[in-house]
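Read off the chains here:
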Amino acid sequence: MNARMFAYTALCQICIHKTYSNLYLRKELDKAEHKDKGLITTIVYGTLQNYRLCRYQWEDMVQKLPKEETAVLLDMSAYQLFYMDKLPAYAIINEAVEIAKKHGGKKQGALVNAVLHKVMQRGQRELPKDVLQKLAIKTSHPDWLIKMWKAQYGEETCRAICESNMETRKQCARVNLMRMSREELLAQDNQFTVGQLASSVYYQGTSLAHTSWYEDGMLSIQDEASQLVAYFVDPQPKERILDVCAAPGTKSTHMAELMQDEGEIICGDIHEHRVELIQQGADRLQLHSIHPVVMDATKLQGLQEASFDRVLCDVPCSGYGVLARKSDIKYHMQSEDMDTLIPLQAAILEKASTMVKQGGILVYSTCTLNKKENEKQVEKFLKKHEEFTLVSQRTIFPFEFGSDGFYMAKMEKKA
Ligand SMILES: C[S@@+](CC[C@H](N)C(=O)[O-])C[C@H]1O[C@@H](n2cnc3c(N)ncnc32)[C@H](O)[C@@H]1O
C-alpha cells in the first residue's frame, strides 16, 4: 500500500470509526515501508490538527457534502496541497482520484478530480472577516469552544490558547530522581536538554518510549504541567496517600518518587486493564509504595474514612488542555461531552473528600480549560463543605510554558 492510501485508510479509521490515532498507527505503521512512515504520520496528524482549515478549502466547491470517506480524502488532499512543502500538486490529485475510484467508484473519482482542480486553481481560500470565525477556522477549533473560552477567559487568552494549540509540543520526561540525577542523564545523553522543573527534561530523539532510559525506569514520559500536580500535592515521606483516579499512574509514581518511596499510596481506578498499567509503571520505576486497586471513586468501598494525609482527585475531564497533543480529542469533541463529566467529577470529589484526615489535604485536578469543570466545580464543593478551605488554585495555560493546559486546586480539611 502506498503512503497516501495508507494515510487515507488511517484517517477513515480515526475520523469515521473513532479508532485512537496513536493505537492505530502504533499497530499498523510497521506494515508501511520505512521510507513512507514520516510522510504518513505527517499527513495523518496534520489533517487531524487542521481539520477545519482543510475542509474550509473545498467545502464551498460542492453543493452538498459528499460521503464521509470522500470528505476525509478531500481534507487530506487539501492539507498536502497547501500545508506541506515540496509535494507536486499533480501527484496529490492523481493519487486522490485513484483512491476515490478504488473505494467509491468512477463517480467519486470524478467528483474528487473536479473539486481538487478547482481548489488548486483558486489557491488558499481567504479566511472569514469575523475575528473569532477566522480564529476558529485558522486554528481548527469548534465555534462553541472558542465562544466558551472567550466568555470564560477573555478574547486575548482565548486567542493565545488556540494559537498555542497549533504548536508542536516538546517530548518531555520526568527523571526518576531516586535512580539518577538530572545532571547525570544530561551528561550521558546529548539528546536530552534541561526542562523548566527540577525533574523535567526535553528529548530531541524520535521516541522516548524506545530509549533504554525509559525501559530501565530512569524516567517517565510526562508533560511539565502534569508534573506540577504532584508538587502541588506535596506528599511527604511516610504519609498515607489516596489517588482515586490513578491510571496509568503517572502522578502516583511521581508522588512515590517525591516521598522517597516511603509511605503508602493507594492508587484506584475503575478500569481493570488500566490498573494493570499502574503496577507495570511501578515495577519499571522500582517503586514499592504504590498499591494499585480496581475501585470506583464515587464509592471507594473498603477504605476507612478520614484515614489519608492527602487525597488526589485527578478526575476524568474533557481534555481541552491537551488538544495540541491529542488530535483525536480535537477532532471528535462535542460540547455535550461535559454533561456527563461534570456530575461524575462532582461525585468523585464528594466521595474522595470523606477520606481526608483532619488537617489533611485534598487536591482536585484536570487537564482541561473549562471553568465549569474547574473553578466552578471547586466553588460548589466548598460551599457545601465548610470543613474544607481553599489553600490555592492554579490554571496553567498552554501558552505560558508551551505545556499542556491544567487546573489544580488544593483544599485543607480543618484540624
Ligand atoms: C485523567 S485520567 C487519570 C490520569 C492519572 N492520574 C495519571 O496521572 O496517570 C482519569 C482516570 O479516571 C478513571 N476513572 C473514570 N471514572 C472513574 C471512577 N468512577 N472511579 C475511578 N476512576 C475513574 C479513568 O479510567 C482514567 O484512568
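Just so you know, these numbers come straight off a predicted model, no measurement behind them.

Here we look at the domain arrangement of the chain
Okay, so step 1: Annotation of the chain at the domain level lists domain 1 (3-122), domain 2 (131-164) and domain 3 (224-413).
Okay, so step 2: With centres defined by C-alpha atoms, the gap from domain 1 to domain 3 works out at 38 Å.
Okay, so step 3: Summed over both sides, the interface between domain 1 and domain 3 buries roughly 870 Å², with carbon and sulfur atoms accounting for 51% of that surface.
Okay, so step 4: When residues of domain 1 are sorted by the area they lose upon contact with domain 3, L48, Q49 and Y51 head the list and together hold 56% of the total.
Okay, so step 5: One can count zero salt bridges joining domain 1 with domain 3.
Okay, so step 6: Viewed at the interface, domain 3 and domain 1 are joined by six residue pairs in polar contact (both at pLDDT 80 or more).
Okay, so step 7: Elements supplying a minimum of two residues to the side of domain 1 that touches domain 3: α1 (3-15), α3 (37-49) and α4 (51-56).
Okay, so step 8: Broken down by element, the side of domain 1 that touches domain 3 gets its largest block of residues, three residues, from α3.
Okay, so step 9: Across the side of domain 1 that touches domain 3, the residue classes tally to six nonpolar, three polar and two charged.

Considerations on the sheet that holds strand β2 (residues 192-194)
Okay, so step 1: Strand order across the open sheet formed by four strands is β2-β3-β1-β4, with antiparallel pairing between neighbours. For this open sheet the edge positions go to β2 and β4 (219-221), each flanked by a neighbour on one side alone. Put simply, the sheet's adjacent strands are angled 40° from each other on average, direction ignored.
Okay, so step 2: Packed onto the sheet, helix α14 (residues 250-258) meets β1 (171-175) and β4 and runs at close to 35° relative to β1.

Examining the environment of I348
Okay, so step 1: Among the secondary structure elements, I348 is positioned in helix α17 (residues 337-353).
Okay, so step 2: Spatially, the C-alpha atom of I348 lies 46 Å from that of H34, the residues being 314 residues apart in sequence.
Okay, so step 3: For I348, the contacting residues outside a window of four places in its chain are V244, C245, A297, T298, C313, V315 and P316.

About the cut-offs
- Once a new chain begins, its residue numbering starts again from 1 and follows that chain's sequence as written.
- Side-chain atom pairs in this predicted model are given and counted only at pLDDT of 80 or more, local residue features only at pLDDT of at least 70, and totals for whole chains, interfaces and linings cover all residues.
- Excluding hydrogens and water, the side-chain values take into account all heavy atoms of the structure.
- Boundary definitions for the domains trace back to an automatic or database domain assignment.
- Here the buried area means the combined drop in accessible surface, using a 1.4 Å probe, for two parts upon being joined, counting both sides.
- Any carboxyl oxygen of Asp or Glu within 4 Å of a side-chain nitrogen of Lys or Arg constitutes a salt bridge here.
- Side-chain atoms alone can form a polar contact between residues adjacent in sequence; in general such a contact is a pair of N or O atoms within 3.5 Å, and within protein one must be able to donate a hydrogen while the other accepts it.
- A run of H or I in DSSP becomes a helix once it reaches four residues, and a run of E becomes a strand once it reaches two; helices and strands are each numbered from the N terminus.
- Put simply, Ala, Val, Leu, Ile, Met, Phe, Trp, Tyr, Cys and Pro go in the nonpolar bin, Asp, Glu, Lys and Arg in the charged bin, and everything else, Gly too, in the polar bin.
- Strand pairing requires that DSSP identify at least two bridges connecting the strands.
- Axis definition: a line fit to C-alpha positions, over the contact stretch in the case of helices; interaxial angles, taken between N-to-C directions, run 0 to 180 degrees.
- Whether two residues are in contact is decided by their heavy atoms: any pair within 4.5 Å suffices.

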